[in-house]
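# Chains, contacts and geometry: an overview
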Amino acid sequence: MRITVCLPEKPEPWVQGLQQALPEAEVLAWEPGQPAADYAVVWAPPQSFIDAQPRLQALFNIGAGVDALMQLSIPASTRIVRLDDAGMSVQMAEYVCHALIRHFREFDVYEAEARAGRWVYRKPRERADFPVGILGLGVLGERVAKAVAQFEFPVLGWSRSRKEIEGVRAYAGEARLGDFLVGTRVLVNLLPLTDATRGILNKTTLSALQPGGYLINIARGGHLVEDDLIPLLDSGKLAGATLDVFETEPLPAAHPFWQHPKISITPHGSARTLRRESIAQIAGKITALARGEAVAGVVDPERGY
Ligand code: NDP
Ligand code: OXD
């Protein structure tokens, strides 16, 4: 069995880790001209890589989002497998709870007051006034929903198919998006980027949130119509935004988001790919597929996620 690793940077630790986990396999960092492989481990590979792999049984993406792969022409016979949590959901739960509580408890205001040497109390706010709506109730969204519910915020969720999650008011399908949005004040985006979800965070949807709405976008930059955000913040329609992902990454130095006082930015790190966990998951799935068994996390190219 031959496994090829095609990553934009530092493939060596992945090659070594996979080789250790699968000693019977031949694991190689991809180079043009190499013999074709049976399995590939990739992040945003070029089309030339796919074209050089006529007999791939499966392509393992070292992330949860497969939007970059969906831009390529991949033979129907090659299964595309995304990371299935692999340590990301707990990171997303931390990130969202931090951003939510920082906003709700006004810790950003306390930080500014403290820096100015001022001892000033803020009035307590009611959790009931801060319903949190989560777009996408998949592997990551469900974990985030449960974590937020632990802090006793009202939690809503929206997905394609209907879910039942304790403590979460669940909505499904496009027809229920409006009801979900009007019930939400803090909006968390954990959707995959597909034709159906591109631009879903826009003037219309963000204006539908409850007064003082707050956006946490941790999925993809392409979900947000960037030009719509600053007018909503400046008019007071939205109270703020925490953004981890952007249409262009790294975010260009001149981008107005950097300097906006109501925007907090992190560099696409809300949930990092953890190498040890990911290698263990991928090696386990390669072993299962080689035995003819089914694995979780297989992408449906029709749906795009
Ligand atoms: P999943 O595929 O497990 O979950 C996706 C969820 O979105 C599902 O609940 C799905 O509904 C729902 N959904 C998809 N399309 C639609 C639609 N058109 N209308 C309504 N609901 C829809 O993905 P993950 O939870 O693992 O990951 C989500 C995304 O998070 C990734 O695609 C990636 O873009 C992003 N991500 C970002 C990271 C970062 O560091 N910033 C790190 C990791 C992931 P249903 O359940 O019915 O299928
Ligand atoms: C992912 C990411 O999709 O890191 O896993 O963005």
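In this text the structure is predicted, and so the values were computed from the model without any measurement.

With that settled, consider the site of ligand 2. Lining the immediate environment of ligand 2, one finds W43, G63, A64, G65, M88, R220 and H268. The separation between an oxygen atom of ligand 2 and a polar side-chain atom of R220 is 2.8 Å. Separating an oxygen atom of ligand 2 from a side-chain N or O atom of H268 is a distance of 2.7 Å. Relative to its unbound accessible area of 210 Å², ligand 2 is 86% covered by the protein chains.

In this section: the site of ligand 1. Among the 31 residues in the neighbourhood of ligand 1, the closest are listed as R82, S161, K163, I218 and Y305. At 2.9 Å, a backbone N or O of L137 approaches an oxygen atom of ligand 1. Within the side chain of S270, an N or O atom sits 3.0 Å from a nitrogen atom of ligand 1. When isolated, ligand 1 has an accessible area of 950 Å², and the protein chains bury 92% of it. Those elements giving two or more residues to the shell around ligand 1 turn out to be helix 4 (88-104), helix 6 (139-150) and strand 7 (155-159). Here the element with the most residues in the shell around ligand 1 is helix 6; it accounts for 3 residues. Considered class by class, the residues forming the shell around ligand 1 number 16 nonpolar, 9 polar and 6 charged.

What follows deals with the packing of helix 4 against helix 6. It is the contact of helix 4 with helix 6, at a shortest axis distance of 8 Å, that shows an interaxial angle of 45°. As far as their axial angle goes, helix 6 and helix 4 are oblique. Here helix 4 runs over helix 6; the crossing is right-handed. Residues M88, S89, V90, M92, A93, V96, C97 and L100 of helix 4 form the contact with helix 6, whose own contacting residues are V139, L140, R143, V144, A147 and V148. Here the contact of helix 4 with helix 6 is composed, by residue class, of 12 nonpolar, 1 polar and 1 charged.

Now for the pattern of salt bridges. Under the counting rule described, the total for this entry stands at 13 salt bridges. Between R198 and E247 there is a salt bridge, with the nearest N and O atoms lying 3.7 Å from each other. One end of the pair, R198, is in the loop between strand 9 (186-189) and helix 8 (203-207); the other, E247, is in the loop between strand 11 (238-243) and strand 12 (263-265), with 49 residues separating them in the sequence. Residue E247 is classed as partly exposed on the basis of its relative accessible area, which comes to 46%.

Each value, and the rule that gives it
- Residues numbered from 1 in each chain as written.
- Chains lettered and ligands numbered in written order.
- Predicted model: local features only at pLDDT ≥ 70, side-chain atom pairs only at ≥ 80, totals over all residues.
- Heavy atoms only, no water.
- Near = heavy atom within 4 Å.
- Polar contact = N/O pair within 3.5 Å; in protein donor to acceptor, adjacent residues only side chain to side chain.
- Areas by Shrake-Rupley, 256 points an atom, 1.4 Å probe, with all protein chains shown as cover.
- Helix = DSSP H or I, 4+ residues; strand = E, 2+ residues; numbered from the N terminus.
- Nonpolar A, V, L, I, M, F, W, Y, C, P; charged D, E, K, R; others polar.
- Axes fitted to C-alpha atoms, helices over the stretch in contact; angles between N-to-C directions.
- Parallel < 35°, antiparallel > 145°, perpendicular 65-115°, else oblique.
- Left-handed = near helix turned anticlockwise from the far one by under 90°.
- Contact = heavy atoms within 4.5 Å.
- Salt bridge = Lys/Arg side-chain N within 4 Å of Asp/Glu carboxyl O.
- Buried < 20%, exposed > 50% of the residue type's maximum accessible area, 1.4 Å probe, protein only.

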